[in-house]
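Below, each chain spelled out in residue letters.
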Amino acid sequence: MQPPLSMVSRLRGQANRAVMPALAIAVLGLWELMVVALKVSPLVMAKPSDIATALWTGFVEGLYWTHLAATLTEMVSGFLIGSALGLVCGLAITEFGRFGRLLFPYLVAIQSIPKVATAPLIIMWLGFGLQSKIVLVTLITFFPVLINTISGLSVVDRMRTDLMAVLLANRWQTFLLVRLPSAAHQIFAGLSVAVVLALTGSIVAEFAGAQRGLGVLLLQAQANLDTAAMFAVLVLLAIIGLAATMAVRGLERRLLYWTERRNEGDPT
Amino acid sequence: MQSPLEPTGLALDPKPPAALVFHDVDHEYYVRRSATVRALAGIELALATGEFVSVVGPSGCGKTTLLRLAVGLLRPSRGTVSIGGEPVRSPRRDVSFIFQDAVMLPWFSVMENVTLPIRIAGGDMAMARLRAGELLDRVGLTGFHNATPMQLSGGMRQRAAIVRALMTRPRILLMDEPFGALDALTREQMNLDLASIAEASGCTVLLITHGISEAVFLANRVVVMTPRPGRIAEMIDIPLPRPRNRRTLAAPEFAALCDRVREHFQHPGSEMASAYE
Ligand SMILES: Nc1ncnc2c1ncn2[C@@H]1O[C@H](COP(=O)(O)OP(=O)(O)OP(=O)(O)O)[C@@H](O)[C@H]1O
Ligand SMILES: [Mg+2]
């Protein structure tokens, strides 16, 4: 007899969960061996063991904490402010019809300017502290959320709006019961883009001039020709990026419980 | 002004006045500047209170347009559409509309979907849930009150849509091919259900359908329409006794009436012949 499909996929999920760490260990081992065997200069490539040591001492000796705190503060507050503004402006622009349609092409044009390029200017205006970084991250995260909110809310499902008209729903009810939930998926797509950009933005802003932050750590490691330390910071950044993306996705899954999840239990 | 939750008390009316009247109605859609499509021409139709009228006609003859005029989503280019003597300018609470597909909102449960009209009207939600529960049970959705619409089959969704339409105790029920997407077996069951619901609620019904036998089975009168621009080709009275049930389907008069409607679609080479079975 065949086991039920959900069990098969669960078993396969468990198998994958076992294979993935094994694969990671194999790759790291191979990397370590290659660096040692080929006598690669430590300036070019660090060994995984050196990176691990750098990470360990970074945390234990307390070097990382202030920098980590600075980068996370910039990223999270910039993201929250930027996406809240993007959402609110997006709602305002779509609700006040004609003006929004006139504005939209300009917004798309601004969206295609790389906002990180304004980092030196913003730092010149606002100084080397957290403030300038938060402003840059806000600017960077604002646009994808804005554009996605506008385009999500602009899609009109005739059947649903007709239903609302027939039920004599007022504008606010139509918005809350139909238009916002219809647009939610698209808005979340904007948020997932924005959260990754938030991290990029804070690092670039730190490159352009800062006292604290993981970007500062990277520049210091570069100045010391410490490849392992640079890799260690990259590892931290990867972890932060992954955690942030997963947080947004988790929130989406929670709030948008009705969207069908394809490939559920089947990560292949 | 009547509250949506009060019974309408139509059965007490001795000589029922016309509930829904189309008088000399034309409708043209503006496609482009100076280009129009004439969908309806010279429609003259009056539904008595409590009457059940079915409309059949070839695809594109303006049946949906007719309903959208009645519900107030469209205004006629000429003539008037009136309900209880007042011209229809916009949707009204005593008129319910059932769309061609169920239009359930996926973020709400079945219960939340069917009580939506009351929620929007700001009515008593506790009472609405009670009544919705009874109606859902009556149409065979026991155990699915808290399911999401996605978990229902097409036929179950359509039944939920009927419940939603009945929630406001409408005087007039407008249905646009509500069973168009269903298979023949489900459809027959839905027709039996609909016949008993309509007879019990006493509301005036205008039903658009592609099925000749369901048009005859449900209605007091069948309106046959011509191809675009839609005009009324014939109105056929259906004097079959009520309540209608499985025995109605077997009656020889029933088959004769179906044939009479079908004749309209069977002139060899006519445009209407191809549209029907
Ligand atoms: N929004 C619109 N703009 C322009 N023309 C339209 C519009 N809606 C309908 N029409 C035209 O009006 C005519 C009648 O359309 P309608 O939808 O009322 O037909 P129908 O009888 O409901 O057809 P079906 O049985 O296929 O649903 C069609 O020929 C169609 O091309
Ligand atoms: Mg139609």
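Residues numbered from 1 in each chain as written. Chains lettered and ligands numbered in written order. Predicted model: local features only at pLDDT ≥ 70, side-chain atom pairs only at ≥ 80, totals over all residues. Heavy atoms only, no water.

### Details of the domain arrangement of chain A
Residues and elements named next belong to chain A. Stated formally: Residue ranges assigned to each domain were obtained from an automatic or database domain assignment. In what follows, residue pairs with any heavy atoms lying within 4.5 Å of each other are defined as contacts. Buried area counts how much accessible surface, traced with a 1.4 Å probe, disappears from two parts once they are put together, with both parts' losses summed. Between Lys or Arg on one side and Asp or Glu on the other, a salt bridge is scored when a side-chain nitrogen of the former is within 4 Å of a carboxyl oxygen of the latter. Under this definition, polar contacts are N or O atom pairs within 3.5 Å; protein pairs additionally need one hydrogen-donor-capable and one acceptor-capable atom, and for neighbouring residues in sequence, both atoms have to be side-chain atoms. Classes in brief: Ala, Val, Leu, Ile, Met, Phe, Trp, Tyr, Cys and Pro nonpolar; Asp, Glu, Lys and Arg charged; the others, Gly included, polar.
According to the domain assignment, chain A consists of domain 1 (1-40) and domain 2 (43-255). In this structure, domain 1 and domain 2 have C-alpha centres spaced 31 Å apart. Each partner contributes residues to the interface: domain 1 has six residues there, and domain 2 has eight residues. A buried area of about 570 Å², summed over both sides, lies between domain 1 and domain 2, and 75% of it is on carbon and sulfur atoms. Applying the counting criterion to the domain 1 and domain 2 interface returns zero salt bridges. Counting across the domain 1 and domain 2 interface gives two residue pairs in polar contact (both at pLDDT 80 or more). Of the residues contributing to the side of domain 1 that touches domain 2, the split by class is five nonpolar, no polar and one charged.

### Observations regarding unusual backbone geometry
Residue and element names in this part refer to chain B. The condition that has to hold: Numbering of helices and strands runs from the N terminus, with a helix taken as a DSSP run of H or I at least four residues long and a strand as a DSSP run of E at least two residues long.
The omega torsion across Arg-228 and Pro-229 is -5°, close enough to zero to call that bond cis. Note on placement: Pro-229 falls in the loop between strand 9 (221-225) and strand 10 (232-237). With an omega dihedral of -5°, the bond running from Arg-242 to Pro-243 counts as a cis peptide bond. Topologically, Pro-243 is positioned in the loop between strand 10 and helix 8 (246-250).

### Digging into the packing of aromatic side chains
Residues and elements named next belong to chain A. Here is the rule we go by: Put simply, two rings from Phe, Tyr or Trp (the six-membered ring, in Trp's case) pair if the centres are within 6.5 Å, and we call them stacked under 30 degrees between planes, edge-to-face over 60, tilted for the rest. Exposure classes here rest on a 1.4 Å probe applied to the protein chains alone. A residue is buried below 20% of its type maximum, exposed above 50%, and partly exposed in between.
Within the structure shown, the criterion is met by nine aromatic pairs over all chains. Centroid distance Phe-59 to Tyr-64: 5.0 Å. Interplanar angle 90°. Geometry classified as edge-to-face. Residue Phe-59 is classed as partly exposed on the basis of its relative accessible area, which comes to 28%. With a relative accessible area of 3%, Tyr-64 lands in the buried category.

### A look at the interface of chain A and chain B
Tallying the contact residues gives 19 residues for chain A and 20 residues for chain B. With both chains or domains summed, chain A and chain B bury close to 1900 Å², and 72% of this area falls on carbon and sulfur atoms. Seen at the junction of chain A and chain B, the total is one salt bridge. A salt bridge links Arg-68 of chain B to Asp-162 of chain A; its shortest N-O distance comes to 3.0 Å.

### Regarding the site of ligand 1
Residue and element names in this part refer to chain B. Under the convention used in this document: Residues are counted as near a molecule or strand when any one of their heavy atoms sits within 4 Å of it. Areas reported here follow the Shrake-Rupley algorithm with a probe of radius 1.4 Å; residue values treat only the protein chains shown as occluding.
Looking at ligand 1, the residues that line it are Tyr-29, Ala-39, Ser-59, Gly-60, Cys-61, Gly-62, Lys-63, Thr-64, Thr-65, Glu-177, His-210 and Arg-228. Contact between ligand 1 and Gly-62: an oxygen atom at 3.0 Å from a main-chain N or O atom of the residue. Contact between ligand 1 and Thr-65: an oxygen atom at 2.5 Å from a side-chain N or O atom of the residue. Here ligand 1 has 640 Å² of accessible area as a free molecule, and 65% of this is covered by the chains. Element by element, the count of residues in the shell around ligand 1 is highest for helix 1 (residues 63-71), at three residues. Class assignment for the residues of the shell around ligand 1 results in three nonpolar, six polar and three charged.

### Re the sheet that holds strand 1 (residues 18-32) of chain B
Residues and elements named next belong to chain B. What counts is decided by this rule: Strand pairing requires that DSSP identify at least two bridges connecting the strands. Fitting a line to C-alpha atoms yields each axis, with helices limited to the stretch in contact; the angle taken between N-to-C directions then spans 0 to 180 degrees.
With antiparallel pairing, four strands are arranged side by side in an open sheet as 2-1-4-5. Among the strands making up the open sheet, the edge pair consists of strand 2 (35-48) and strand 5 (86-87). Two strands pair when backbone bridges link them, and strand 1 and strand 4 (residues 78-83) are joined in this way by five bridges, in the antiparallel orientation. Residue pairing across strands places Phe-22 opposite Val-81, the latter belonging to strand 4. Packed on one face of the sheet, helix 1 meets strand 1, strand 2 and strand 4 and runs near 115° to strand 1.

### A few points about the domain arrangement of chain B
All names here are of chain B. Examined at the domain level, chain B breaks down into domain 1 (49-77 + 87-94 + 172-277) and domain 2 (106-169). A separation of 25 Å is found between the C-alpha centroids of domain 1 and domain 2. The contact between domain 1 and domain 2 buries some 960 Å² in all, and 74% of this surface belongs to carbon and sulfur atoms. Considering only the side of domain 1, the residues that lose the most area to domain 2 are Arg-93, Met-190 and Ile-197, jointly responsible for 48% of the buried surface there. For the pair domain 1 and domain 2, the number of links is zero salt bridges. At the junction of domain 1 and domain 2, the tally comes to one residue pair in polar contact (both at pLDDT 80 or more). When residues in the side of domain 1 that touches domain 2 are grouped by element, the largest group, six residues, is from helix 6 (residues 184-201). Its residues placed into classes, the side of domain 1 that touches domain 2 shows eight nonpolar, one polar and two charged.

### Describing a nonpolar patch on the surface
Put simply, the rule is: Patch membership needs two things, relative accessible area over 30% and no salt bridge, and members are linked within 9 Å if like-charged or within 5 Å if nonpolar (Val, Leu, Ile, Met, Phe, Trp, Tyr).
A cluster of nonpolar residues, Leu-121, Met-124, Trp-125, Leu-126 and Val-135 of chain A, forms a patch on the protein surface that exposes about 520 Å² of accessible area. Among the elements that make up the nonpolar patch, the one with the highest residue count is helix 5 (residues 119-126) of chain A (four residues).

### Things to note about the nonpolar core
Formally: In these notes, a set of buried Ala, Val, Leu, Ile, Met, Phe, Trp, Tyr and Cys residues joined through side-chain atoms within 4.5 Å is what counts as a nonpolar core.
Of all hydrophobic cores here, the largest spans 73 residues; its most connected members are Leu-214 of chain A together with Leu-20, Phe-22, Leu-174 and Leu-206 of chain B. Per element, the largest residue contribution to this core is ten residues, and it comes from helix 8 (residues 171-207) of chain A. The contacts of Leu-20 of chain B, once residues within four sequence positions are left out, are Leu-45, Ala-46, Leu-47, Ala-70, Val-81, Ser-82, Ile-83, Ile-172, Leu-174 and Leu-206 of chain B.

### A few points about empty space enclosed by the protein
Rules: Definitions used throughout: a 1 Å grid over protein atoms alone; a cavity as a set of points that fits a 1.4 Å probe which cannot get out; a pocket as an open set with protein on both sides within 12 Å along at least five of seven lines; a lining residue as one with an atom within 4 Å of a point. Grid points are joined across faces, edges and corners, and a volume is the space filled by probe spheres set on the points.
Evaluated as defined, the whole model comprises one cavity of 30 Å³ or more. Counted as a void, the largest cavity has a volume near 130 Å³. Along the wall of the largest cavity there are 13 residues; nearest its centre are Val-166 and Leu-167 of chain A together with Ser-96, Pro-117 and Thr-168 of chain B. Of all the secondary structure elements, the ones that give two or more residues to the lining of the largest cavity are helix 7 (158-166) of chain A together with strand 6 (95-98) and helix 5 (154-166) of chain B. The leading source of residues in the lining of the largest cavity is strand 6 of chain B, at three residues. A breakdown of the residues in the lining of the largest cavity according to their chemical character gives eight nonpolar, two polar and three charged.

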